[in-house]
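Listed below, chain by chain, are the residues.
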2 protein chains.
Amino acid sequence: MIEKLAIIGVGLIGGSVAMALREEGKVKEVVGCGRGEANLQKAQQLGVIDHYTHDVAQAVQGADMVLLAVPLGAIRDTFEKMKGQLADHAVVTDAGSVKGSVVRDAEAVFQGVPDFLVPGHPIAGTERSGVEAAFAELYRNRRVILTPLAETRADAVQRVEQMWLDCGAEVSSMSVDHHDEVLAATSHLPHMLAYSLVDSLSRLKENDEIFRFAAGGFRDFTRIASSNPVMWRDICIANQQALGGMLTRFADELHDLAALLEQGDADGLLSLFESAKQARDRYVDGVKHPE
Amino acid sequence: MIEKLAIIGVGLIGGSVAMALREEGKVKEVVGCGRGEANLQKAQQLGVIDHYTHDVAQAVQGADMVLLAVPLGAIRDTFEKMKGQLADHAVVTDAGSVKGSVVRDAEAVFQGVPDFLVPGHPIAGTERSGVEAAFAELYRNRRVILTPLAETRADAVQRVEQMWLDCGAEVSSMSVDHHDEVLAATSHLPHMLAYSLVDSLSRLKENDEIFRFAAGGFRDFTRIASSNPVMWRDICIANQQALGGMLTRFADELHDLAALLEQGDADGLLSLFESAKQARDRYVDGVKHPE
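Residues numbered from 1 in each chain as written. Chains lettered and ligands numbered in written order. Predicted model: local features only at pLDDT ≥ 70, side-chain atom pairs only at ≥ 80, totals over all residues. Heavy atoms only, no water.

**Quick look at the nonpolar core**
- Counting 146 residues, the largest nonpolar core has Val-66, Phe-79 and Met-82 of chain A together with Val-66, Phe-79 and Met-82 of chain B as its most contacted members.
- Not counting the four nearest positions on each side in its chain, Val-66 of chain A is found in contact with Ala-6, Ile-8, Val-60, Met-82, Leu-86, Val-91, Val-92 and Thr-93 of chain A. (Core = buried A, V, L, I, M, F, W, Y, C linked by side-chain atoms within 4.5 Å. Buried < 20%, exposed > 50% of the residue type's maximum accessible area, 1.4 Å probe, protein only. Contact = heavy atoms within 4.5 Å.)

Here you go:
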């Protein structure tokens with residue numbers, strides 16, 4: 001049971017945690033913290049939080065669990081504001097899409113990774129944002145990755161893991177670097193490709209016509225290019241190294257494909273498409289998501 | 001009214017045309033032609049076709065409308081087999097995803113583009129294939145592009161257009177080259193990117209784990225990598241030039257993005273993502289498809 005949960009950033013991600021824990025009776029008091037007055041008022045009206053403040057230092061007073069659900073670009077500033085204000089028994093976790101940058105921010109602010117910090121990443125979300133988009137089931141059967149460090153206290157990891165289990169999620173652990181590689185491959189790179197494709201096509205003279213003749217496959221393929229640009233700018237900057245590596249790897253692959261095409265190498269093309277289809281079908285079968 | 005419709009290739013595309021025209025009472029007799037005995041038997045049992053043959057020359061005897069719904073790689077051979085066998089009033093159309101190659105095949109076989117040929121492309125389909133996947137509503141509110149040539153008889157164009165209108169589709173016309181450019185941009189290039197991405201990731205050592213942590217966005221983004229590899233090999237070979245140009249354009253764009261990333265150019269990244277999101281949202285609003 002969490003006695004007092006402080007949520008810094010009460011949007012889709014933070015709001016849904018509060019709603020899930022309330023529904024399960026796993027939290028006594030929730031204090032919200034953020035900059036937007038209207039959003040926090042709404043969160044209170046909706047019963048997502050009990051009360052709120054704009055002051056991070058005040059929000060974390062006496063909290064045994066602090067969840068940072070702010071954009072990656074705001075993590076360091078939030079650490080600065082909570083420094084020296086945390087209760088002795090406080091555990092701090094976050095929900096950022098990159099973990100290396102969160103650890104670097106913590107090291108810079110706290111002079112070393114504090115033992116109460118459990119970096120985390122719930123792999124869930126929708127295209128919508130803000131507390132009105134929050135719902136208690138967001139994390140049900142979704143994966144949450146925790147990336148505890150050598151310095152992290154075992155009881156802190158255990159408490160954060162329990163919080164996510166109470167939200168209905170499956171919890172895995174891996175190293176910070178490994179997390180950032182895996183997410184660069186499966187999330188950050190695809191977003192870059194979708195943004196690049198749409199941007200590239202929108203620069204064509206006849207782009208309106210081009211988009212008009214696009215079919216359903218294009219709509220699916222480019223859906224993620226409708227994601228929040230500020231969030232993705234922050235993710236790129238935060239995961240610059242791993243994402244850069246994946247981009248290079250992909251550019252090489254694309255170069256090989258262009259060569260097959262130029263040479264009219266039908267067998268080479270077929271072999272590439274078959275191996276990709278096999279991998280994709282295996283992945284889809286593996287996770288047993290409905291198509 | 002079509003008196004006798006010959007469908008060469010009775011799968012999802014050809015079968016759905018027959019079903020739609022039957023439902024609307026716009027065809028009297030449908031003869032199917034293909035290589036697979038079991039598929040043709042099934043088509044007859046389902047009432048999609050009245051009878052069938054494995055012989056193209058026989059199938060087109062007396063037909064006033066001939067629809068080629070075979071893979072692009074089989075178009076030329078099909079033209080060869082129907083040469084000299086067509087009725088005087090016959091109109092021939094096709095459903096291939098590339099139009100330049102169909103025209104080149106026709107020129108090679110008929111020594112010039114025949115006036116009865118109306119190259120066409122219904123922008124519709126599902127991941128499924130075969131006549132059992134066919135359904136009468138496949139083309140309803142979908143776009144069909146016709147690419148008539150200077151040589152094409154006006155009445156031939158009019159009859160093919162009417163056939164697609166009777167299937168519930170919207171019909172547009174454009175030049176062969178323009179069609180192949182537009183489709184390279186909105187369909188062929190995205191398929192290449194999806195295949196390349198999945199293939200690239202599947203070569204990573206820990207690829208099973210990578211796919212396990214992929215979220216819904218990845219599933220949407222890579223759905224088209226589950227498409228038929230043989231069909232896509234044929235499309236690549238057939239649309240080599242336009243697709244090669246789009247691939248080069250995209251590779252340049254990706255190179256620019258990689259440079260922004262390497263330089264940590266937050267403003268440049270944000271600007272690219274914002275312009276892509278605007279274009280994508282405009283396109284989605286424009287076509288008013290449910291997301």
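From this point, the discussion proceeds with the structure in view.
**Concerning the domain arrangement of chain A**
Residue and element names in this part refer to chain A.
- Taken as a whole, chain A is organised into domain 1 (2–174) and domain 2 (178–287).
- Computed over C-alpha atoms only, the centres of domain 1 and domain 2 are separated by 31 Å.
- Domain 1 puts 15 residues into the contact, and the matching count from domain 2 is 12 residues.
- Counting each side, the surface lost to burial between domain 1 and domain 2 is near 1100 Å², with a carbon and sulfur contribution of 68%.
- Remark: the boundary between domain 1 and domain 2 carries 0 salt bridges.
- Taken together, the connections running from domain 1 to domain 2 amount to 5 residue pairs in polar contact (both at pLDDT 80 or more). (Domains from an automatic or database assignment. Buried area = accessible area lost by both parts, 1.4 Å probe. Salt bridge = Lys/Arg side-chain N within 4 Å of Asp/Glu carboxyl O. Polar contact = N/O pair within 3.5 Å; in protein donor to acceptor, adjacent residues only side chain to side chain.)

**Digging into unusual backbone geometry**
All names here are of chain A.
- Look at Gln-111: it is not a glycine, yet its phi comes out positive at around 55 degrees.
- Within the secondary structure, Gln-111 sits in the loop between α5 (100–110) and β6 (117–118).
- Judged by relative accessible area, which is 61%, Gln-111 ranks as exposed.
- The phi dihedral of Asn-141 falls on the positive side, at around 65 degrees, and the residue is not glycine.
- One can find Asn-141 in the loop between β7 (120–123) and β8 (143–146).
- The exposed category is assigned to Asn-141, whose relative accessible area is 59%. (Helix = DSSP H or I, 4+ residues; strand = E, 2+ residues; numbered from the N terminus.)

**Structural notes on the pairing of strand β2 (residues 27–33) of chain B**
Residues and elements named next belong to chain B.
- Of all 7 residues in β2, 5 are buried, a share of seventy percent or more.
- In the sheet, strand β1 (residues 2–8) pairs with β2 via 6 bridges, with the strands oriented parallel. Bridged to Leu-5 within β2 is Val-30.
- Handedness of the crossover joining β1 and β2 through helix α1 (residues 12–23) is recorded here as right-handed.
- Chirality of the crossover, the property in question, places the unit of β2, helix α2 (residues 37–45) and strand β3 (residues 51–53) among those that are right-handed. (Pairing = 2+ DSSP bridges. Right-handed = clockwise from strand over helix to strand, strands pointing away.)

**A word on the sheet that holds strand β4 (residues 65–68) of chain A**
Residues and elements named next belong to chain A.
- With parallel pairing, the 6 strands of this open sheet are ordered in space as β3-β2-β1-β4-β5-β6. Each end of this open sheet is capped by a strand with a single partner; those strands are β3 (51–53) and β6.
- Packed on one face of the sheet, helix α4 (residues 75–82) meets β1 (2–8), β4, β5 (91–94) and β6 and runs near 155 degrees to β4. (Axes fitted to C-alpha atoms, helices over the stretch in contact; angles between N-to-C directions.)

**As for the pattern of salt bridges**
- The final tally for this structure, using the stated rule, is 34 salt bridges over all chains.
- The partner of Arg-143 of chain B in a salt bridge is Glu-170 of chain B, and the shortest N-O contact between them spans 3.8 Å. Of this pair, Arg-143 of chain B sits in strand β8 (residues 143–146) while Glu-170 of chain B is found in strand β9 (residues 170–173), placing the two residues 27 residues apart along the sequence.
- The class of Arg-143 of chain B is partly exposed, set by a relative accessible area of 24%.
- One salt bridge in this structure joins Asp-220 of chain B and Arg-223 of chain B, with 3.4 Å as the shortest N-O distance.
- Through salt bridges with shared partners, a single ionic network connects Asp-115, Arg-153, Asp-155 and Arg-159 of chain A.

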